[in-house]
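Listed below, chain by chain, are the residues.
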Amino acid sequence: MRGLRALVSGLFLSSAMAAAVPLQAQAQSGESAEDLAARFGALEDIIQISLSPDGTKIAFISPRKGGRVLEVANLAEGGFPTAITSVPSDEGELRFCKWSTNVRLVCQVHYIVDYAGQLAGFTRIFGLDDDGTNAMLLSNTKSLRARTFFQNGGSVIDWDVDDEPGRVLMTKVFVPENTIGTRLANEEAGLGVEMVDTIKGRRRRVEKPDEFATGYMTDGHGTIRVKSR
């Protein structure tokens, strides 16, 4: 029992000493409580960062007044960052940007819209060059006959497809289409996987849709190994 009391007392004293450290630091630095609170509550300078495959460039998302900005810095040329695109907060939220090649980036945007009087969340994935040019939607949501709208724009599950530079594996939510007036309508439903060329936008199916699937895992080199249901 005495050992337990000694342990509790030791933990209490350690906590008290740790709590006193910020107060001592405040007294030594001369900063006011308001200044410390402002620094503590400041937004991070970098939300997400990615290194190019050859290690010469970084791309990072920074918060700015009114939205988020994607910046690229060439480490081999001094590392000064250049803003290449942005997403205003009233239009959406830039979630991540990663390299598919040494000059091509793949990003995801999340946004909320008023759909028939209801707020609905959407994600879309797009590609662009490291100077902000050649932007292209990579989420496969083109279907005028779809019986419902596409909220899930897919997820990248593999960035390193063997012998296929610039190609990634992306999930896609398949939805049935209206068959009136056509024999080409898609009647499949569920989560499948496509190989997507992030440069040219071409795509081909590598895993047929499964209406009970919730996700897929790969070996990191372009081959699907696990499907969760």
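Refer to the preceding data block for the structure.
Since the model is a prediction, treat every value here as computed from it, not as a measurement.

S.K.: Got a sec to walk through the state of the cysteines? Specific residues and values, please.
M.R.: By the definition in use, this model includes one disulfide. Here C97 pairs with C107 through a disulfide, and the sulfurs are 2.1 Å apart. Taking the torsion about the sulfur-sulfur bond, which here is approximately 115 degrees, the covalent link between C97 and C107 counts as right-handed. On the criterion of sequence distance, the pair formed by C97 in strand β5 (residues 93-99) and C107 in strand β6 (residues 104-115) is long-range, its members being ten residues apart.

S.K.: Before we move on, could you go through the environment of D210 and cite the residues and values that matter?
M.R.: Its location among the elements puts D210 in strand β12 (residues 203-210). Given a relative accessible area of 10%, D210 falls into the buried group. Through-space distance from the C-alpha of D210 to that of K227 is 9.6 Å; in sequence the pair is 17 residues apart. Residue contacts for D210: discarding those within four places in its chain leaves A189, G190, L191, Y216, K227 and R229. Here R229 takes part through its side chain, which lies 3.1 Å from a polar atom of the side chain of D210.

S.K.: Talk me through the pattern of salt bridges; I want residue IDs and the actual numbers.
M.R.: Evaluated as defined, the whole model comprises eleven salt bridges. Taking the shortest distance from any N to any O, the salt bridge between R203 and E194 comes out at 2.8 Å. Residue classification places E194 among the buried positions, given a relative accessible area of 6%. For the salt bridge of K227 with D210, the shortest nitrogen-to-oxygen distance reads 2.9 Å. Placement of K227 in strand β14 (residues 224-228) and of D210 in strand β12 is noted, with a sequence separation of 17 residues between them. Residue K227 is classed as partly exposed on the basis of its relative accessible area of 36%. The network of salt bridges with shared partners includes R68, E93 and R95.

S.K.: If you had to explain the packing of aromatic side chains to someone new, which residues and values would you point to?
M.R.: Inspection of every chain in the model, using the stated rule, returns two aromatic pairs. Measuring from centroid to centroid gives 6.4 Å for F96 and W159, while their planes differ by 75 degrees, and the two rings are edge-to-face. With F96 in strand β5 and W159 in the loop between β9 (156-158) and β10 (167-174), this pair connects stretches of sequence that are 63 residues apart. Classification of W159 as partly exposed rests on a relative accessible area of 25%. Judged by centre distance (5.7 Å) and plane angle (10 degrees), the ring pair of Y111 and F122 falls under stacked. Here the residue Y111 occupies a position in strand β6, and F122 occupies one in strand β7 (residues 118-129), the gap between them amounting to eleven residues. Looking at Y111, the relative accessible area reads 22%, which means it is partly exposed.

S.K.: Summarise the pairing of β14; cite the residues concerned and give the values.
M.R.: Where strand β13 (residues 215-218) meets β14, four bridges bridge the pair, whose relative direction is antiparallel. Residue pairing across strands places M217 opposite V226, the latter belonging to β14.

S.K.: Residues and numbers for the sheet that holds strand β3 (residues 67-74), please.
M.R.: With respect to topology, four strands assemble into an open sheet ordered β1-β2-β3-β4, the strand pairing being antiparallel. The open sheet is flanked by β1 (48-51) and β4 (81-88), the only strands paired with a single partner. Going across the sheet, the axis of each strand differs from the next one's by a mean of 20 degrees, ignoring polarity. Pairing of strand β2 (residues 57-64) with β3 involves eight bridges; the strand directions are antiparallel. Pairing of F60 across the sheet is with E71, part of β3.

About the criteria used
- Residues numbered from 1 in each chain as written.
- Predicted model: local features only at pLDDT ≥ 70, side-chain atom pairs only at ≥ 80, totals over all residues.
- Heavy atoms only, no water.
- Disulfide = S-S within 2.5 Å.
- Helix = DSSP H or I, 4+ residues; strand = E, 2+ residues; numbered from the N terminus.
- Buried < 20%, exposed > 50% of the residue type's maximum accessible area, 1.4 Å probe, protein only.
- Contact = heavy atoms within 4.5 Å.
- Polar contact = N/O pair within 3.5 Å; in protein donor to acceptor, adjacent residues only side chain to side chain.
- Salt bridge = Lys/Arg side-chain N within 4 Å of Asp/Glu carboxyl O.
- Phe/Tyr/Trp six-rings, centres within 6.5 Å; stacked < 30°, edge-to-face > 60°.
- Pairing = 2+ DSSP bridges.
- Axes fitted to C-alpha atoms, helices over the stretch in contact; angles between N-to-C directions.

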